[in-house]
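# Observations on the model geometry
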Amino acid sequence: MKPISIWSLVLWFVISVVAGDQYSTWAVANSFHVPLSPLSLTLSILVVAIALILLALPIYRYKRALKKILEAKDGANLKRPLPVDPFYAVRVLLLAKASAITSTIFIGWHAGIIFFLVTAPVIAREAIMPNLLAGIASIVLLTVAFIVQGICKLPSDSGPKDDTVAI
């Protein structure tokens, strides 16, 4: 499985920044409120980030135990850990990739709204902080997604370099 493509994330970010800004402009022009992210969205994004870390812990522990065995001079004395189910690891990796794309879209959406609020003639200060908090929570989720991708990556062999991510 290929790693998360930075360029596709940049594309999603740009599209969602434009969408957030243009929707805010349209909403205000048609006498609607500027989109305001509720606190529950921020908390939900953080809960997903914590859940993603917790789901990756068995894979991290397994890789750490294997590394200890390989680094030990007398590897025969160390007990080999139980392997992680490969289907579980692939599901965690897919969740990390989906979280990366979703959090990038959320970051862009909130950046577009904040850009609109800052550049508007009248600043609605009460709308900046909830959107900023949701954007920061999305950045946390994106960071966790990249960390989990690194956890799910197999160590490279001495053979040809390959950018595939596996378990």
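Residues numbered from 1 in each chain as written. Predicted model: local features only at pLDDT ≥ 70, side-chain atom pairs only at ≥ 80, totals over all residues. Heavy atoms only, no water.

## Describing a nonpolar patch on the surface
- Together, L39, L43, L46, M129, L132, L133, I136 and V140 make up an exposed nonpolar region whose accessible area comes to about 670 Å².
- For the nonpolar patch, the secondary-structure elements that each account for two or more residues are α2 (39–71) and α4 (125–151).
- A per-element tally of the nonpolar patch places α4 first, with 5 residues.
- With respect to the helices and strands, the residue I136 is situated in helix α4.
- Overall, the relative accessible area of 43% leaves I136 in the partly exposed class. (Patch = residues over 30% accessible without salt bridge, like charges linked within 9 Å, V, L, I, M, F, W, Y side chains within 5 Å. Areas by Shrake-Rupley, 256 points an atom, 1.4 Å probe, with all protein chains shown as cover. Salt bridge = Lys/Arg side-chain N within 4 Å of Asp/Glu carboxyl O. Helix = DSSP H or I, 4+ residues; strand = E, 2+ residues; numbered from the N terminus. Buried < 20%, exposed > 50% of the residue type's maximum accessible area, 1.4 Å probe, protein only.)

## Notes on the packing of aromatic side chains
- Applying the stated criterion across every chain, the model contains 3 aromatic pairs.
- Here the aromatic rings of Y23 and W26 are separated by 5.7 Å at their centres, their planes lie at 35°, and the arrangement is tilted. You can see Y23 and its partner W26 sitting in helix α1 (residues 6–29), 3 residues apart, about one turn around the helix.
- Classification of W26 as partly exposed rests on a relative accessible area of 45%.
- Consider the rings of W26 and F32, whose centres lie 5.5 Å apart with planes at 25°: the pair is stacked.
- For F32, a relative accessible area of 49% gives the class partly exposed.
- Ring-pair connections join several aromatic residues into one group, and the members of that group are Y23, W26, F32 and W109. (Phe/Tyr/Trp six-rings, centres within 6.5 Å; stacked < 30°, edge-to-face > 60°.)

## What to know about the packing of α2 against helix α3 (residues 86–119)
- The N-to-C vectors of α2 and α3 enclose an angle of 155°; their axes lie 10 Å apart at closest approach. Taken as axis vectors, α2 and α3 run roughly antiparallel relative to one another. Crossing angle aside, the handedness with which α2 passes α3 is left-handed. Listed contacts from α3 to L41, I45, V48, L52, L55, A56, P58 and I59 of α2 are Y88, A89, V92, L95, A96, S99, F106 and H110.
- Residues of the contact of α2 with α3, tallied by class, amount to 14 nonpolar, 2 polar and no charged. (Axes fitted to C-alpha atoms, helices over the stretch in contact; angles between N-to-C directions. Parallel < 35°, antiparallel > 145°, perpendicular 65-115°, else oblique. Left-handed = near helix turned anticlockwise from the far one by under 90°. Contact = heavy atoms within 4.5 Å. Nonpolar A, V, L, I, M, F, W, Y, C, P; charged D, E, K, R; others polar.)

## Digging into the nonpolar core
- The biggest cluster of nonpolar side chains holds 21 residues, and the ones touching the most others in it are L52, I59, V92, V148 and C152.
- Contributing elements (two or more residues each) for this core: α2, α3 and α4.
- Ranked by residue count, the leading element in this core is α4, at 7 residues.
- Counting 6 residues, the second largest nonpolar core, distinct from the first, contains I113, L117, A127 and I128. (Core = buried A, V, L, I, M, F, W, Y, C linked by side-chain atoms within 4.5 Å.)

## Describing α1
- The terminal C-alpha atoms of α1 lie 34 Å apart, and with 24 residues this matches the ideal 34 Å at 1.5 Å per residue to within 8%.
- Looking only at α1, the buried set comprises L9, S16, G20, D21, S24 and A27.
- Against α3 and α4 lie the buried residues of α1.
- A positive backbone phi angle near 65° is found at S31, which sits one or two residues after α1. (Expected span 1.5 Å × (residues − 1).)

## Observations regarding the confidence of the model for the protein
- The predicted model of the protein has a mean per-residue pLDDT of 87, with 89% of residues at 70 or higher.
- Within the protein, the lowest mean pLDDT, 92, falls on α2, and the highest, 95, falls on α1. (pLDDT = per-residue confidence, 0-100.)

## Details of the packing of α2 against α4
- Remark: α2 packs on α4, axes separated minimally by 9 Å, with the N-to-C direction vectors making an angle of 15°. With respect to α4, the element α2 is oriented roughly parallel. Remark: the crossing between α2 and α4 carries left-handed chirality. Residues L41, T42, I45, L46, V48, A49, L52, I53, A56, I59, Y60 and K63 of α2 form the contact with α4, whose own contacting residues are P130, L133, A134, A137, S138, V140, L141, V144, A145, V148, G150 and I151.
- Partitioned by chemical class, the residues of the contact of α2 with α4 number 20 nonpolar, 3 polar and 1 charged.

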